[in-house]
Amino acid sequence: TSTGGNIAINADRDITLTNTGTVITSGTGTITLTADADNLTSGAINANNSTTAIQAGSGLVTLLARTGIAAGTTIDNVTATNSVSGNIVIADTAGGLTVATGGVSQTGSGTVDITATGGTLNVNGTVQSGGAGTITLTATGGTSDVVVADTKSVTSTGGNIAINADRDITLT
């Protein structure tokens, strides 16, 4: 936990949060989780032990892995890259989530599933999948929209794309 400072966690293999394990910063502090930091074999981020496993204020949360990302979050801004296998699953309960500049990149064959519960999902960075996995972007809640910003895209080489919102979907 940091009260506004930056947090960087780097592992040559996996990063796993269990039971009540959390990574928390506030204000503009950033969080960077890097699994497979040595870029040799494997490394996954397993932080879906609760809906608030990763918490941040307005600072950027960067998730980098080789073999999958599963994250329960209460954050405002995120980028994520998964480079070999496994899925990217980000379930946010902060009341709104922004895919920041840097976007979300799945270069393996896994799926990408990003959900903003109780608020708008703003796609301000490209979301892409280089494999056959489905990309699903979802905003749930009565006033929840999905907004893909101008010059940003949601693209998949071989998989389906589903965009779901309880209110509006805007592609600019």
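Data block above holds the structure.
Throughout what follows, the structure given in this document is the object of discussion. Just so we're clear, the structure is a prediction, and the values are computed from it rather than from any experiment. The numbers attached to residues start from 1 for each chain and follow its sequence in the written order. Local features are withheld for residues below a pLDDT of 70 in this predicted model, meaning they are given only at 70 or higher, and side-chain atom pairs are given and counted only at 80 or more; totals for whole chains, interfaces and linings count all residues. Side-chain figures throughout are based on the complete set of non-hydrogen atoms in the structure, without hydrogens or water.

Focus on the overall build of the chain
Link 1 in the chain: By definition, any uninterrupted DSSP run of H or I lasting at least four residues is a helix, any uninterrupted run of E lasting at least two residues is a strand, and each is numbered from the N terminus. The number of helices and strands found in the chain is zero helices and 19 strands.
Link 2 in the chain: As a reference, a globule follows 2.2 Å times the number of residues to the power 0.38, and the radius of gyration itself is taken over C-alpha atoms. By the compact-globule yardstick of 16 Å for 172 residues, the chain fits well, its C-alpha radius of gyration being 15 Å.
Link 3 in the chain: With the C-alpha coordinates aligned to their principal axes, the bounding extent of the chain is approximately 40 × 35 × 30 Å.
Link 4 in the chain: In the chain, buried positions account for 46% of the 172 residues.
Link 5 in the chain: Within the chain, counting contacts between residues at least 6 apart in sequence, those at least 24 apart form 45% of the total.
Link 6 in the chain: Only the protein chains shown count as covering a residue, and every accessible area follows the Shrake-Rupley method with a 1.4 Å probe. Roughly 7,200 Å² of accessible area belongs to the chain as shown, and the carbon and sulfur atoms make up 48% of that amount. Buried, partly exposed and exposed residues are distinguished by accessible area as a fraction of the type maximum, computed with a 1.4 Å probe on protein chains only: under 20%, between the cut-offs, and over 50%, respectively. Note on definitions: a residue-residue contact is assigned when non-hydrogen atoms from the two residues lie within 4.5 Å.

Describing the pattern of salt bridges
Link 1 in the chain: Each reported salt bridge corresponds to a side-chain nitrogen of Lys or Arg within 4 Å of a carboxyl oxygen of Asp or Glu. Per the stated rule, a full pass over the model turns up three salt bridges.
Link 2 in the chain: Where aspartate 145 meets arginine 167, a salt bridge forms, and the shortest distance between an N and an O atom there is 2.9 Å. Of this pair, aspartate 145 sits in the loop between β15 (135–140) and β16 (146–148) while arginine 167 sits in the loop between β18 (161–165) and β19 (169–171), and the two are 22 residues apart along the sequence.
Link 3 in the chain: The class of arginine 167 is partly exposed, set by a relative accessible area of 44%.
Link 4 in the chain: Shared partners join several salt bridges into a network, and the residues in it are Asp145, Arg167 and Asp168.

With respect to the nonpolar core
Most often, soluble globular proteins keep nonpolar side chains buried together rather than apart.
Link 1 in the chain: Nonpolar cores were defined as sets of buried Ala, Val, Leu, Ile, Met, Phe, Trp, Tyr and Cys residues, with membership established by side-chain atoms within 4.5 Å. Ile54, Leu63 and Leu121 are the most contacted members of the largest nonpolar core, which totals 38 residues.
Link 2 in the chain: Apart from residues lying up to four places away in sequence, leucine 63 is in contact with Leu33, Ile45, Ile54, Ile69, Ala71, Val78, Thr79, Ala80, Thr81 and Ile90.

Structural notes on the pairing of strand β12 (residues 112–117)
Link 1 in the chain: Judged from the five bridges that link them, strand β10 (residues 88–92) and β12 form a sheet pairing that is parallel. Residue pairing in the sheet places isoleucine 88 in a bridge with valine 112 of β12.
Link 2 in the chain: Note on pairing: DSSP must find at least two bridges between two strands before they are called paired. Two elements, β12 and β15, share six bridges in a ladder whose sense is parallel. In the strand pairing of β15, aspartate 113 is matched with threonine 136.

Section: the environment of alanine 100
Link 1 in the chain: Along the chain, alanine 100 falls in strand β11 (residues 96–106).
Link 2 in the chain: A residue is classified by how much of its surface remains accessible, and alanine 100, at 14% relative accessible area, is buried.
Link 3 in the chain: On a C-alpha basis, the gap between alanine 100 and alanine 139 in space is 16 Å, while along the polypeptide they are 39 residues apart.
Link 4 in the chain: Beyond its immediate stretch of four places on either side in the chain, alanine 100 contacts Leu60, Asn77, Val78, Thr79, Asn124 and Gly125.

Here's the deal with the environment of valine 61
Link 1 in the chain: Residue placement: valine 61 occurs in strand β7 (residues 60–65).
Link 2 in the chain: Measuring from C-alpha to C-alpha, the distance between valine 61 and threonine 18 comes to 19 Å, with 43 residues separating the pair along the chain.

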